[in-house]
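# Tertiary structure, described
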Amino acid sequence: MVYFADTTEAIYQIEQWYRAFESLDAEHRVVVVTRDSRTARLIRDGSMLEVRTIARAETLDDILGRSKTKLILYVNHNPENFGALRFGNLLHVSLMHGDSDKIVTVSNQTKAYDFSFVAGRAAVERMARYATLFDADERCIPVGRPQLDEQAREREAVTLSRPTDDRPTVLYAPTWEGGQPSAAYGSVATHGAAIVRAILDDGRFRLIYRPHPLTGVRDAAYGDGDSTIRDLIRRAQDELPDVGHTVDGDGDLAVAFGHADVLICDVSGVAMDWLATGQPLIVTLPTADVVVARSALTDLVPRLPVGDVDGVPDLVARELDEDPTGAERRALQEFYLGDTTPGASTRRFIEACERLFRIREAEVARVATGALPGEKSADSRETND
């Protein structure tokens, strides 16, 4: 079962898992359970998955008490997840909706789940370094990023249809303001307009702006920043319609990746997924007092403080021409993402679920006998005697 208790605003969090869930469903039946019928409708429209809306805790209790469900998967840390987490005869797995060096990836909330499926060894080490009283090696299972299996194919197709001029494309893909001040990694309200203005005024590059779907929902300054950026791009489109500056507000991230030569983003999951392209990466430096779970990638790539934004065109040009960290960055791909061969992560994801099916069966059998972990049941002791 996939338990998604969120509203339609957060649909992007489960959307990126559709293809992986469909692959799992081809071998083991998957049912998505929502608490909101509007959310359920969007999931049905966007996937081939079976979806049920269960709003009442009593109904969920009744159904899970009679079902053969073994495993519940979660793509976020919504507090409503506890409506399903209370069932101890099932295994609960956190998937999340991207890997990053944001503090949410080492949240104490992770302890609520039996296991966490993570992308690569980097995520395990991040949890081991920053989480207290948590056995990361035991509880974190690297499965790669199944999303990249589909993205690689789509990115290759899109790349073939790119504009034929020599102008390189910069993708600016910032994150949102976050659900609380401690998660304010976004740059739209601080760096955003200056980055876009500098790139557009320089004239050497084509620009794609891809804002986070939740930009501005909590902080009006981010909404204002987003509006300013869109206005700048609209004026540039009017003045130079053939260049192809654009706002990419919808669709698969792989399409934007396929058109881009360099990425400017914040500390977010976009940076990790971009790592698979092998192309240059620039990450902004947050102005807010937030914790960055520093790792090899954030220590390696160029960081862009707000005071240096005017120099971003020259920084982009240097990264494209020289790519000084390219070899080291590409060497980190497996560490962060596992095996990026198309299909490998999806297969590893399915196999990890199957392994947990077996663990769940063994644990349920143990609990039924009253045996302690590692202890033989009374029946087995009598048989041995």
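Here, every reference points to the structure presented above.
Everything numeric here is computed off the predicted structure, so don't read it as measured data.

### Quick word on the overall build of the protein
When you go through the protein residue by residue, the secondary structure sums to 18 helices and 13 strands. For the protein, the spread of C-alpha atoms along the principal axes amounts to about 85 × 40 × 40 Å. In the protein, which comprises 385 residues, the share counted as buried stands at 51%. If you sum the accessible surface of the protein, you get close to 17,800 Å²; carbon and sulfur atoms cover 48% of it. The distance from the centre of the 44 positive side-chain charges to the centre of the 62 negative ones in the protein is 5 Å.

### Observations regarding the sheet that holds strand E9 (residues 206-209)
Strand order in the open sheet made by the 6 strands is E10-E9-E8-E11-E12-E13, with parallel pairing throughout. Of all the strands in the sheet, the pair left with one neighbour each is strand E10 (246-247) and strand E13 (303-304). Across 3 bridges, strand E11 (residues 262-265) lies against strand E12 (residues 281-284) in parallel orientation. Note on E12: the bridge partner recorded for isoleucine 264 is isoleucine 282. The strands touched by helix H14 (residues 312-321) within the sheet are strand E8 (169-173), E11, E12 and E13, with E11 carrying the most contacts at an inclination of about 140°.

### Some thoughts on the pattern of salt bridges
Inspection of every chain in the model, using the stated rule, returns 25 salt bridges. Arginine 29 is paired through a salt bridge with glutamate 50; the nearest N and O atoms lie 2.7 Å apart. Highlighted residues: arginine 29 in the loop between helix H2 (18-25) and strand E2 (31-34) and glutamate 50 in strand E3 (residues 50-53), separated in sequence by 21 residues. The class for arginine 29 is exposed, based on a relative accessible area of 64%. As a salt-bridge pair, glutamate 125 and arginine 121 come within 3.6 Å of each other at their nearest N and O atoms. Placement of both glutamate 125 and arginine 121 in helix H6 (residues 121-130) is noted, with a separation of 4 residues, approximately one turn of the helix. Of the residues examined, arginine 121 reaches a relative accessible area of 38% and is grouped as partly exposed. Through salt bridges with shared partners, a single network forms among Arg29, Glu50 and Arg52.

### Section: the packing of helix H9 (residues 188-202) against H14
Between H9 and H14, the least distance of the axes is 8 Å, while the angle of their chain directions is 70°. Viewed along their axes, H9 and H14 adopt a mutual orientation that is roughly perpendicular. Across from Ile195, Ala198, Ile199 and Asp202 in H9, the residues of H14 making contact are Val312, Pro313 and Val316. Along the lines of polarity and charge, the residues of the contact of H9 with H14 split into 6 nonpolar, no polar and 1 charged.

### Let's talk about unusual backbone geometry
In this structure, leucine 133 takes a positive phi of about 50° despite not being glycine. Note on placement: leucine 133 falls in the loop between H6 and helix H7 (136-139). In this model, aspartate 323 sits at a positive phi of 40°, which is unusual for a non-glycine residue.

### So, the packing of aromatic side chains
Aromatic ring pairs are reported here in terms of the distance separating the ring centres and the angle at which the planes meet. This structure, assessed with the given rule, holds 9 aromatic pairs. When the ring of phenylalanine 257 is compared with that of tryptophan 274, the centres are 5.0 Å apart and the planes differ by 85°; the resulting orientation is edge-to-face. A residue pair is termed long-range when its members are at least 10 positions apart, and phenylalanine 257 in helix H11 (residues 253-259) and tryptophan 274 in helix H12 (residues 269-275) qualify at 17 residues. Just as phenylalanine 257 is buried, tryptophan 274 falls in that class too. Of the aromatic side chains, those joined through ring pairs into one cluster are Trp17, Phe21, Phe117 and Phe349. The cationic tip of lysine 70 hangs over the ring face of phenylalanine 357; the distance from NZ or CZ to the ring centre is 5.7 Å.

### Focus: the nonpolar core
Soluble, globular proteins show a tendency: their nonpolar side chains are buried together. In this structure, Ile14, Phe21, Leu73, Leu95, Phe117 and Phe349 are the most contacted members of the largest nonpolar core, which totals 32 residues. Only strand E1 (2-4), helix H1 (11-15), H2, helix H3 (37-46), strand E4 (71-74), strand E5 (91-94), strand E6 (115-118) and helix H17 (344-369) provide two or more residues apiece to this core. For this core, the element with the most residues is H17, which contributes 6 residues. Sequence-distant contacts of phenylalanine 349, defined by excluding residues within four places in its chain, comprise Trp17, Ala20, Phe21, Leu24, Leu73, Leu95, Phe117, Val143 and Pro146.

### With respect to the side chain of arginine 206
Note on placement: arginine 206 falls in strand E9. Polar side-chain contacts of arginine 206 include one of 3.1 Å to the backbone oxygen of arginine 167.

### Remarks on the packing of H9 against helix H10 (residues 220-239)
Remark: H9 packs on H10, axes separated minimally by 8 Å, with the N-to-C direction vectors making an angle of 10°. Here H9 is positioned roughly parallel relative to H10, judged by the angle of their axes. Residue-level inspection shows Val188, Ala189, Gly192, Ala193, Val196, Arg197 and Leu200 of H9 in contact with H10, the latter providing Ala221, Tyr222, Gly225, Asp226, Thr228, Ile229, Leu232, Ile233 and Ala236. Residues that form the contact of H9 with H10 fall into these classes: 11 nonpolar, 3 polar and 2 charged.

Rules used in this analysis
- Residues numbered from 1 in each chain as written.
- Predicted model: local features only at pLDDT ≥ 70, side-chain atom pairs only at ≥ 80, totals over all residues.
- Heavy atoms only, no water.
- Helix = DSSP H or I, 4+ residues; strand = E, 2+ residues; numbered from the N terminus.
- Buried < 20%, exposed > 50% of the residue type's maximum accessible area, 1.4 Å probe, protein only.
- Areas by Shrake-Rupley, 256 points an atom, 1.4 Å probe, with all protein chains shown as cover.
- Lys, Arg positive; Asp, Glu negative; His and termini not counted.
- Charge placed at Lys NZ, Arg CZ, Asp CG, Glu CD.
- Pairing = 2+ DSSP bridges.
- Contact = heavy atoms within 4.5 Å.
- Axes fitted to C-alpha atoms, helices over the stretch in contact; angles between N-to-C directions.
- Salt bridge = Lys/Arg side-chain N within 4 Å of Asp/Glu carboxyl O.
- Parallel < 35°, antiparallel > 145°, perpendicular 65-115°, else oblique.
- Nonpolar A, V, L, I, M, F, W, Y, C, P; charged D, E, K, R; others polar.
- Phe/Tyr/Trp six-rings, centres within 6.5 Å; stacked < 30°, edge-to-face > 60°.
- Lys NZ or Arg CZ within 6 Å of the ring centre and 35° of its normal.
- Core = buried A, V, L, I, M, F, W, Y, C linked by side-chain atoms within 4.5 Å.
- Polar contact = N/O pair within 3.5 Å; in protein donor to acceptor, adjacent residues only side chain to side chain.

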